[in-house]
Amino acid sequence: MDALVNFFRPHLLPLVYAVVIVALLPLLAGYIVLLERKIMADMQVRLGPMRVGPHGLLQPIADAVKLLIKEDIIPEGADVLIFWLAPLLSVTAAMLAMAALPFGPAFQIADLNIGLLFILGISSMGIFGIVLGGWASNSHYSLLGALRSAAQLVSYETAAGMAVVSGLLLAGTLSTRRIVELQAQQGVWYAFLAPVGFFVYLVASIAETNRAPFDLPEAESELVAGYMTEYSGFRWALYFLAEYTNMVVVGAIAATLFLGGWLRPFSGTRALDFLDYAPSLLMFLLGGYCFYRVPKQPVRVQGGVLAAVGLLCLALAGVLGAVLIPPLADTKAAVHGGFWFLLKVFLYIYVFMWLRFTFPRYRFDQLMRLGWHFLIPVAIVNVMGIGVALVLHWQWHWGLAPALVVTTVATLLVAAFLARVGERRQKPLVGET
Amino acid sequence: MPSPYIPIFIFAVLAAAFPAVTLILFKLIRPDMRAVGAKLKPYECGVPPEGGARGRYSVRFYIVAILFVIFDVETIFLFPWAVQYSVLGLYGLVTMFVFLGILVIGYVWLYNKGALEWV
C-alpha cells in the first residue's frame, strides 16, 4: 500500500487535472453546442434555444439527460462488438490528445518532449472509431460516410502535418510548453512569422474535424448522417462528444503553436500591462449583464438561474482580479494563462462556426482537389520557404523579418500559380456548360 | 525524475473508462425497451435495404490511402529534421531540398497522370 502511495505521490497534481478534464469536457462540449446554436441563430436573425433555462442556458444538460436515457438500438446485421467499441475508441482518442496540451503554465498533465507529435498521433487514432463504426453498422449510408471521412481525414492530415512542421522549424522543439515559452522570449506569435502555415492549418483542421464547409462525411442532404446514421442515444452522443473534443484539440494546437498559447497579447510590452485587467473586467461586465437581465425573465426560477450564472461570472472576475494584487502575484500566470488560452481556443472555434454558417458545402471532388492540388503543395513549399528564411537568418545574417517576408511572398506566388493551374485543368462536369 | 508517461497512462485509463462506465451504467438505469421489427433494419429512407452494405466501393479510396502513406511518412521524416534544424543549418536545408525534391517530382508526375483527380 505504501509503495502504491509513494508511486502515485509525484503524480497527484496531474491526476487531479486528469479528473478535472474528464469531468468537465462533456460539459464544455455541451456548452459549445449551445454556443454554436446561439451564434447560428444570431447570424440567421433568430433567437435560438430560449426555453430551457434563461436564454437556453440549461439546454445542454437537458439534452444530455435525454440522450442518456434514450432507447439504444443496434441494427440487424451489425457487428455488435465493433459497433460497441467504435464510439468509445473515437472519444478516448480525442480526449487522450488533451494530455500534452498546456492549458496554462501550471495546468498540464504531462510536458512530454515529443508533445506535439503525441497529440497529432493520438488524435489521428480517432479515424479508426469512425471507419469501424461506419463499417460495423451494415448500412450503405454509414459505410459511404465512413469511407469519405477516412479519405478526407488522411488527405488533410498531410497538409496539417506540414503546417505544423512550419511552426516547428521556428521553435525547434516538440515540447508544447517550450514552444509557448519560446514565443514569449521572441516576443512574437508564430502565426505572424508563418502566416501561410497558420492558414493551411486552419483550413486543414476544419476538414479534419469534419466541420462545414467540409462536412461531407455527415452531409445531411445526401448521406442522412454519414457514419453515425445507425447510432442513437448515448452512442451517438459519444461521437458528438468526440467531434467537439477534436475541435477543442485542434483549437488548442493552433493556440499553442501559432497563437502564443497562454500568453497575453503583447505580453512583452510593459506599456500594455493594463491588458491584465481585461479578463477580470470582461467577466465583471458579463456578470453585470446577467444581473441586468434577471428582472426581465418571464419566470422567477429562470431569474434565479440567471442570477446564479451572474454570481459565477462575478466570482471568476474576483479570482481573475485578485491575482493582480501583489501578495497573490505568484498565481497570476497560472490563472490568467488559463483564461487567455481558453479565450484563444474559443475564438478559433468561433471562426469554425463563422465559416460554417457562411459557406455552402463543398462537393467531394472539390474537397479532394482543394486538399491534394492546393493545400499539400502549398504546405510543402511553405516548409521549404521557412527553411530558406532561417538559413538566410543564421548563415547570412539577414534579419528574420525580411527573410520571412521574402519567402512568404514567394510561397504566395507559388500558391497563386497552383490555383491558376488547378482552375485551368478543371474539367467541366456532366451537365455543366 | 518521475516519468511523464505515468500520468498519461492514468489519464488514458480515465478517458477510456468514462464513456464505457457511463454507457453501462445508463443501460441499467434507463427503461429496458427491446426494439423489434422494422426498427432494427438499417435506415435507408424507408425503403428496405437492397443487399448487404459491405460490398465493393470505389477504387479511388485505395489510391488516396496509398498516396497518404507516402506523404504522411514524408511529414513524419520532417519532424525530427525540423527539431534539429538549428544544428543542421545549411546542410540540413540542402538535404531536405533533395528529399522533398524527389517527392515533388513524384507529385508532379501524379498530378499530370490525373491520380489526384477524383472524377
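Predicted model, so just to flag it, every value in this text is computed and none were measured.

1. What to know about the pattern of salt bridges
Residues and elements named next belong to chain A.
Thinking step 1. One pass over the full model with this rule turns up four salt bridges over all chains.
Thinking step 2. Two residues, Glu-36 and Arg-356, come together in a salt bridge whose shortest N-O distance is 2.5 Å. Of the two residues, Glu-36 is situated in helix α2 (residues 12–43) and Arg-356 in helix α15 (residues 332–358); the sequence distance between them amounts to 320 residues.
Thinking step 3. Its relative accessible area of 3% is what places Glu-36 among the buried residues.
Thinking step 4. Under the relative-accessibility criterion, Arg-356 is labelled partly exposed at 28%.
Thinking step 5. Notably, a salt bridge pairs Arg-178 with Glu-181, separated by 3.2 Å at the nearest N-O pair. With a gap of three residues between them, Arg-178 and Glu-181 both fall in helix α8 (residues 176–186), about one helical turn apart.
Thinking step 6. By relative accessible area, which is 34% here, Arg-178 ends up partly exposed.

2. Brief notes about the domain arrangement of chain A
Residue and element names in this part refer to chain A.
Thinking step 1. For chain A, the assigned domains read domain 1 (1–69) and domain 2 (270–355).
Thinking step 2. Here domain 1 and domain 2 have C-alpha centroids that lie 17 Å from each other.
Thinking step 3. Taken together, the 11 residues of domain 1 in the interface contact 11 residues of domain 2.
Thinking step 4. Interface area lost by domain 1 to domain 2 is led by Met-43, Pro-54 and His-55, which between them contribute 42%.
Thinking step 5. Where domain 1 meets domain 2, there are zero salt bridges.
Thinking step 6. Taken together, the links from domain 1 to domain 2 amount to one residue pair in polar contact (both at pLDDT 80 or more).

3. Let's talk about the packing of aromatic side chains
Note on aromatic pairs: each is described by the distance of the centres and the angle between the planes.
Residue and element names in this part refer to chain A.
Thinking step 1. Taken as a whole and assessed by the stated rule, the structure comprises 21 aromatic pairs over all chains.
Thinking step 2. Taking the centre distance of 5.5 Å and the plane angle of 55 degrees together, the rings of Phe-198 and Phe-258 count as tilted. On the criterion of sequence distance, the pair formed by Phe-198 in helix α10 (residues 195–208) and Phe-258 in the loop between α12 (233–257) and α13 (278–293) is long-range, its members being 60 residues apart.
Thinking step 3. What links up through ring pairs into an aromatic cluster is the set Phe-198, Tyr-201, Phe-258, Tyr-348 and Phe-352.
Thinking step 4. Just above the ring of Trp-84 sits the side chain of Arg-235; from NZ or CZ to the centre is 4.7 Å.

4. Side note on the side chain of Ser90(A)
Residue and element names in this part refer to chain A.
Thinking step 1. By secondary structure assignment, the location of Ser-90 is in helix α4 (residues 80–96).
Thinking step 2. Classification of Ser-90 as buried rests on a relative accessible area of 5%.
Thinking step 3. Ignoring sequence-local partners within four residues, the contact set of Ser-90 consists of Gly-126, Gly-129, Ile-130, Tyr-239 and Ala-242.

5. Some thoughts on the environment of Leu67(A)
Residues and elements named next belong to chain A.
Thinking step 1. As for its position among the elements, Leu-67 is in helix α3 (residues 59–68).
Thinking step 2. Measuring from C-alpha to C-alpha, the distance between Leu-67 and Phe-284 comes to 34 Å, with 217 residues separating the pair along the chain.
Thinking step 3. Filtering out sequence-adjacent residues up to four positions away, Leu-67 remains in contact with Gly-233, Phe-234, Trp-236 and Ala-237.

6. Here's the deal with the confidence of the model for chain B
Thinking step 1. Looking at chain B, pLDDT values average 81 and 97% of them are 70 or higher.
Thinking step 2. The element-level mean pLDDT for chain B is lowest in helix α1 (residues 5–29) of chain B, coming to 84, with helix α3 (residues 85–113) of chain B highest at 87.

7. Quick notes on the interface of chain B and chain A
Thinking step 1. Every contact between the two is made by 67 residues of chain B and, on the other side, 93 residues of chain A.
Thinking step 2. Both sides together, the interface formed by chain B and chain A hides about 7200 Å², and carbon and sulfur atoms give 76% of it.
Thinking step 3. Its largest share of buried area at the contact with chain A, chain B owes to Phe11(B), Arg54(B) and Phe79(B), together 11% of the area lost on that side.
Thinking step 4. Our enumeration of links across chain B and chain A arrives at zero salt bridges.
Thinking step 5. Taken together, the links from chain B to chain A amount to three residue pairs in polar contact (both at pLDDT 80 or more).
Thinking step 6. The set of elements that each furnish at least two residues to the side of chain B that touches chain A consists of α1, α2 (60–83) and α3 of chain B.

8. Some remarks on the confidence of the model for chain A
Thinking step 1. With 98% of its residues at a pLDDT of at least 70, chain A reaches an overall mean of 84.
Thinking step 2. Confidence scores differ between elements of chain A, with helix α11 (residues 220–223) of chain A showing the lowest mean pLDDT of 71 and α10(A) the highest of 90.

9. Thoughts on unusual backbone geometry
Residues and elements named next belong to chain A.
Thinking step 1. Phi angles above zero are rare outside glycine, and His-55 is one such case at about 55 degrees.
Thinking step 2. Secondary-structure assignment places His-55 in the loop between α2 and α3.
Thinking step 3. Positive phi, normally seen in glycine, also occurs at Asn-210, with a value near 60 degrees.
Thinking step 4. Given a relative accessible area of 4%, Asn-210 falls into the buried group.

10. Thoughts on α1(B)
Thinking step 1. In a regular helix each residue adds 1.5 Å, so 25 residues correspond to 36 Å; α1(B) covers 36 Å between its end C-alpha atoms and thus fits that length.
Thinking step 2. Three or more residues of α1(B) are buried, namely Ile6(B), Pro7(B), Ile8(B), Ile10(B), Phe11(B), Ala12(B), Ala15(B), Pro19(B), Thr22(B), Leu23(B) and Phe26(B).
Thinking step 3. Buried positions along α1(B) lie against α1 (2–8), α2, α3, α4, α5 (115–123) and α12 of chain A.

11. Some details on the nonpolar core
Thinking step 1. By size, the foremost hydrophobic cluster in this structure holds 135 residues, and its most contacted members are Leu116(A), Phe118(A), Ile119(A), Tyr201(A) and Phe11(B).
Thinking step 2. Broken down by element, this core gets its largest block of residues, 16 residues, from helix α16 (residues 364–395) of chain A.
Thinking step 3. Looking at this core, you find at least three residues from each of domain 1 (1–69) and domain 2 (270–355) of chain A.
Thinking step 4. Core analysis: the next-biggest nonpolar cluster, separate from the first, contains 10 residues, Phe83(A), Ala146(A), Tyr231(A) and Tyr239(A) among them.

12. Concerning helix α7 (residues 140–171) of chain A
Thinking step 1. Between its first and last C-alpha atoms α7(A) spans 46 Å; for 32 residues at 1.5 Å apiece the expected length is 46 Å, and the two agree.
Thinking step 2. Counting buried positions along α7(A) gives 30 out of 32 residues, so the element sits mostly inside the fold.

Rules of the game
Residues numbered from 1 in each chain as written. Chains lettered and ligands numbered in written order. Predicted model: local features only at pLDDT ≥ 70, side-chain atom pairs only at ≥ 80, totals over all residues. Heavy atoms only, no water. Salt bridge = Lys/Arg side-chain N within 4 Å of Asp/Glu carboxyl O. Helix = DSSP H or I, 4+ residues; strand = E, 2+ residues; numbered from the N terminus. Buried < 20%, exposed > 50% of the residue type's maximum accessible area, 1.4 Å probe, protein only. Domains from an automatic or database assignment. Contact = heavy atoms within 4.5 Å. Buried area = accessible area lost by both parts, 1.4 Å probe. Polar contact = N/O pair within 3.5 Å; in protein donor to acceptor, adjacent residues only side chain to side chain. Phe/Tyr/Trp six-rings, centres within 6.5 Å; stacked < 30°, edge-to-face > 60°. Lys NZ or Arg CZ within 6 Å of the ring centre and 35° of its normal. pLDDT = per-residue confidence, 0-100. Expected span 1.5 Å × (residues − 1). Core = buried A, V, L, I, M, F, W, Y, C linked by side-chain atoms within 4.5 Å.

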